[in-house]
Amino acid sequence: MKKTERDTSFINGQKDCTAGAATASAFRLIGKVLLTALIILLITMVIVGVSLLTFIYSMRNESVKINLTDYKQTYTSYLYVNGSGDNRNQPVQRLSLHSGEQRMWVDYSKSPKGMKDAMVSIEDKRFWEHHGVDWRRTAGAMVNLVGGSDSYGGSTITQQLIKNLTQEDEVSLTRKVKEIFRALNLEKKYSKEQILESYLNCVPFGSGTQGVQAAANLYFGKNIQDCDIAQCAAIAGITQNPAKYTPLVHKDNNRKRQQIVLTAMHDQKRITDAEYKQAMAESNNMTFVGKKATENPDQVWDWYTEAVIRDVQTALMNKYSCSASAASNMIYSSGLKIYSAEDQNLQKTAQDYVLHSGVLDGDKQVQAGFCAVAYDGRVLATIGSRNEKTGNLVNSYATMLKFQSGSSVKPISTYAPALDKGQITYSSLVNDEKVENYFPDGSAGPNNWSSDTQSAVCHGMVTVQEALAHSYNCAAAQVCKAYGIGQSYNFMTQKLGFSNSLTQEDSKLLGNMALGGQTQGVTVLNMAAAYEIFGNGGKFYQPYTFYKILDHNGNVIVDNTKKAPIQAISSVSASIMNRLLRTVVTEGTGTATNIDGWDIVGKTGTTDHDVNSWFVGCNPYATGAVWTGYGRNKTLSSTTYSKALWKGIFAQYLATKPQKDFTFDGNMVEKSYCVQSGLLAGSDCSDVKTGYYDADNLPKTCNGNHGGSSSSASDNDDDTSQAASQGTVSTPDNNQPAQSQPAANSQESQASSKPQETSVAPQESKPAASKEPTSRTSNGNGG
């Protein structure tokens with residue numbers, strides 16, 4: 001072999017070795033990557049698994065708070081009101097509340113075997129074998145849930161009972177895990193018989209019935225003990241979908257479902273062949289009598305008592321994390337003692353005045369709502385309609401339906417928080433001119449409306465007192481913009497209880513906050529309660545209609561009298577705001593509400609096109625709010641109704657009360673101020689009025705040079721704050737984010753609105769909150 005050949009062979013061998021090494025190296029690298037990925041995957045799975053197990057373990061003690069033994073009791077509950085002279089220490093019985101034919105408990109031993117077997121056969125065939133959870137059905141349900149199904153079943157009778165007691169039925173893994181532990185724990189505490197008994201008495205069976213006895217009475221006109229197998233199967237079949245299978249409406253659906261139940265009973269050997277054939281034959285020719293429960297002999301509740309019942313139901317739902325029906329069952333059958341906070345004198349005065357004063361006689365369609373609240377949060381009276389109340393559990397224009405508040409919101413959304421922050425004083429000058437980029441097209445707004453000139457006007461630099469008394473929209477918008485739209489929203493929701501009314505959209509729109517053009521509106525009770533702060537030193541108490549609830553054994557379940565207030569604004573700010581609101585009544589838009597001999601303060605409010613009209617005010621005993629309107633987008637025939645009702649009700653009420661005055665903060669001082677500069681009056685000032693100030697935050701003294709507010713201040717006065725010393729309010733453009741759309745103007749506030757959906761007048765049905773218009777642009781009227 002030639003040398004060159006040997007060399008070439010050697011070189012080729014080296015090349016082969018190098019290529020093999022490279023391939024091996026590549027495979028090793030891939031292996032390392034795959035191994036690393038696998039390790040990361042395993043670690044991730046361990047972390048997720050541990051987290052999931054920890055999450056599941058954290059709910060191991062989940063349980064139902066309702067005691068089934070107590071729940072089945074049928075004690076009569078009682079509602080008490082204050083005794084003579086509104087004496088809370090001598091309560092008298094007003095009302096007894098007890099189960100009627102719609103809620104009749106049947107003991108396990110008295111339920112027929114056919115009823116129990118029918119229910120177990122169709123709903124939970126392994127009920128007597130499992131310990132609260134049927135793991136085979138649960139596994140299938142989990143597969144359905146992972147697959148995205150919104151109806152995955154798997155619930156045992158125990159789990160269904162829990163859902164009926166808690167009304168938690170959202171489709172989620174968390175709820176399912178909670179339900180599983182609750183079921184396991186429930187079966188540790190109660191026997192199968194107790195659980196099935198509770199289930200048969202708690203489940204809805206269509207057409208407004210609850211429990212098998214009510215169903216037997218309605219559909220067959222007999223007691224459940226007297227129902228045969230076919231009839232029990234007809235009742236049992238309803239539970240899956242009461243609206244679909246109620247035999248009074250969908251007889252064919254019920255028959256088909258009934259026969260499915262009978263087949264299940266037969267297949268599971270719970271009935272014989274003969275019983276099955278007989279029941280199937282009866283099923284094909286079954287009749288339903290539709291027997292109605294006898295009328296409840298109890299009197300129709302007044303508006304206040306109805307509000308108490310609703311609030312007690314809500315309190316029990318919160319206390320026991322239970323459903324509305326479970327809470328209702330407690331009210332009617334668990335022997336509660338409910339102590340109403342009603343002021344019977346004011347309630348009767350208000351009801352009689354609304355019905356018989358003649359104030360609303362000129363317009364038979366106009367509606368009204370009224371609430372009065374004491375300065376500790378006690379709701380004294382409420383009227384839900386201008387009509388005679390003819391039924392129970394009907395809609396209330398005072399406590400349930402929501403309406404845009406218009407300018408009546410200005411004191412609580414804008415002036416009070418800005419004053420408390422030190423941005424304005426009683427007499428600060430504010431520019432009553434339009435805000436740039438207020439409307440969607442970029443034009444300025446809002447609008448004022450002058451009843452004198454019948455045109456939109458702006459007033460230039462005016463004092464806070466003048467702006468509030470005469471309800472200038474532009475001035476309120478300027479102050480709110482300087483304070484902050486979001487800050488205004490936070491103040492109302494966090495300190496004045498409006499979280500149930502205001503929306504996130506409101507928090508971004510100037511007119512919604514400053515001028516009362518709320519997206520959903522507010523309730524009359526919301527407004528009356530918020531004005532507490534102007535008569536009690538700035539404290540907000542959550543309004544309540546009952547003092548406390550006691551159980552059958554005398555234990556206190558809920559006590560509203562011990563709830564601490566929120567200090568919404570300082571005491572001195574509250575006193576100053578009180579005096580500002582007094583000028584609304586003495587010289588502004590609310591003069592029609594003044595009551596001789598009494599210190600009345602408050603604020604009017606109307607919305608776009610006079611759709612809603614308000615007066616919210618205070619006297620030394622209580623706050624009060626009146627709304628009038630049609631509950632839909634229709635112009636009122638008069639905006640004087642709300643003021644006339646407020647004055648009439650309280651004039652009669654106060655005539656029965658000893659004379660009393662507001663109590664003001666000792667740090668509030670009375671000073672003369674210069675109207676032209678907004679500063680304390682100097683010797684050269686001729687246009688002077690009296691104002692009220694925080695002694696620690698006094699404006700400077702005017703030097704008589706009225707060419708501009710800043711140059712009018714004497715240099716030798718203490719400068720306590722920029723707002724106080726300058727006497728003006730500025731609205732820097734960068735203080736608030738740009739608005740994506742404008743909020744409404746008010747009509748005093750010209751609260752803008754798109755056509756409102758009709759609010760349902762009081763009906764003999766379950767109440768539902770009305771929808772209020774979303775604010776949009778409109779031309780404003782002055783109030």
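Every value quoted in this text rests on a predicted model; they were computed, and no experiment measured them.

Definitions and limits used
Residues numbered from 1 in each chain as written. Predicted model: local features only at pLDDT ≥ 70, side-chain atom pairs only at ≥ 80, totals over all residues. Heavy atoms only, no water. pLDDT = per-residue confidence, 0-100. Contact = heavy atoms within 4.5 Å. Core = buried A, V, L, I, M, F, W, Y, C linked by side-chain atoms within 4.5 Å. Buried < 20%, exposed > 50% of the residue type's maximum accessible area, 1.4 Å probe, protein only. Helix = DSSP H or I, 4+ residues; strand = E, 2+ residues; numbered from the N terminus. Phe/Tyr/Trp six-rings, centres within 6.5 Å; stacked < 30°, edge-to-face > 60°. Pairing = 2+ DSSP bridges. Axes fitted to C-alpha atoms, helices over the stretch in contact; angles between N-to-C directions. Salt bridge = Lys/Arg side-chain N within 4 Å of Asp/Glu carboxyl O.

J.: Any chance you could explain the confidence of the model for the protein chain here in plain terms?
T.: Keep in mind that low pLDDT regions are not for reading the predicted coordinates in detail. On average, the protein chain scores 85 in pLDDT, and the residues at 70 or more come to 82%. Low pLDDT, under 50, characterises residues 715–724; the predicted model gives this stretch 21 contacts beyond four residues in sequence or across chains. Below pLDDT 50 for its whole length, residues 732–782 participates in 200 contacts with residues either more than four positions away or in separate chains.

J.: Would you mind showing me how to read the nonpolar core here?
T.: The tendency in soluble globular proteins is for nonpolar side chains to be buried side by side. By size, the foremost hydrophobic cluster in this structure holds 157 residues, and its most contacted members are Ile412, Tyr415 and Phe534. Counting residues per element, this core draws most heavily on helix H22 (residues 571–586), which supplies 7 residues. With residues up to four places along the chain from it excluded, the contact list for Tyr415 reads Lys410, Ile424, Val464, Ala467, Leu468, Tyr472, Ala475, Ala476, Val479 and Met577. Grouped together as the second largest cluster of nonpolar side chains are 32 residues, Ala368, Ala374, Phe650 and Leu654 included.

J.: Just checking my understanding: could you explain the packing of aromatic side chains for this structure?
T.: What characterises a pair of aromatic rings is the spacing of the ring centres plus the angle enclosed by the ring planes. Under the criterion given, the structure shown has 18 aromatic pairs. Between Tyr426 and Tyr692, the ring centres sit 5.8 Å apart and the planes meet at 65°, which makes this aromatic pair edge-to-face. Placement of Tyr426 in the loop between helix H16 (410–421) and strand E6 (429–432) and of Tyr692 in strand E16 (residues 688–694) is noted, with a sequence separation of 266 residues between them. The burial state of Tyr426 is the same as that of Tyr692; both residues are buried. One aromatic cluster is present, built from ring pairs that chain together Phe370, Phe615, Trp646, Phe650 and Tyr653.

J.: Would you mind showing me how to read the sheet that holds strand E4 (residues 367–374) here?
T.: Where strands meet in a sheet, backbone hydrogen bonds hold them as pairs that are either parallel or antiparallel. With respect to topology, 5 strands assemble into an open sheet ordered E5-E4-E14-E13-E12, the strand pairing being antiparallel. At either end of the open sheet lies a strand with only one pairing partner, and these are strand E5 (379–383) and strand E12 (601–606). Strand-to-strand twist across the sheet, computed as the mean angle between neighbouring axes with direction ignored, equals 10°. Pairing of E12 with strand E13 (residues 612–618), which is carried by 6 bridges, proceeds in the antiparallel orientation. Across the sheet, residue Gly602 finds its bridge partner in E13, namely Gly617. Its contacts with the sheet put helix H15 (residues 344–356) on E4 and E5, and the angle it makes with E5 is roughly 20°.

J.: Quick question: what am I supposed to make of the environment of Val688 here?
T.: Following the sequence through the fold, Val688 ends up in strand E16. Look at Val688 and you get partly exposed, because its relative accessible area is 35%. Sequence-wise, Val688 and Cys674 are 14 residues apart; in three dimensions their C-alpha atoms are separated by 4.8 Å. The contacts of Val688, once residues within four sequence positions are left out, are Ser672, Tyr673, Val675 and Ala681.

J.: Just to check I follow, could you spell out helix H7 (residues 192–202) for this structure?
T.: Within H7, 9 of the 11 residues are buried, leaving the element largely enclosed by the surrounding structure. Along H7, the residues classified as buried are Lys192, Ile195, Leu196, Glu197, Ser198, Tyr199, Leu200, Asn201 and Cys202.

J.: What is the right way to look at the pattern of salt bridges in this model?
T.: If the charged atoms of two oppositely charged side chains come close together, the side chains can form a pair. Evaluation of the coordinates by the stated rule reveals 14 salt bridges. The closest approach of N and O atoms between Asp352 and Lys348, which form a salt bridge, is 2.7 Å. Residue Asp352 and its partner Lys348 are located together in helix H15, separated by 4 residues, close to a single helical turn. Overlapping salt bridges bring together Arg94, Asp302 and Glu342 as one network.

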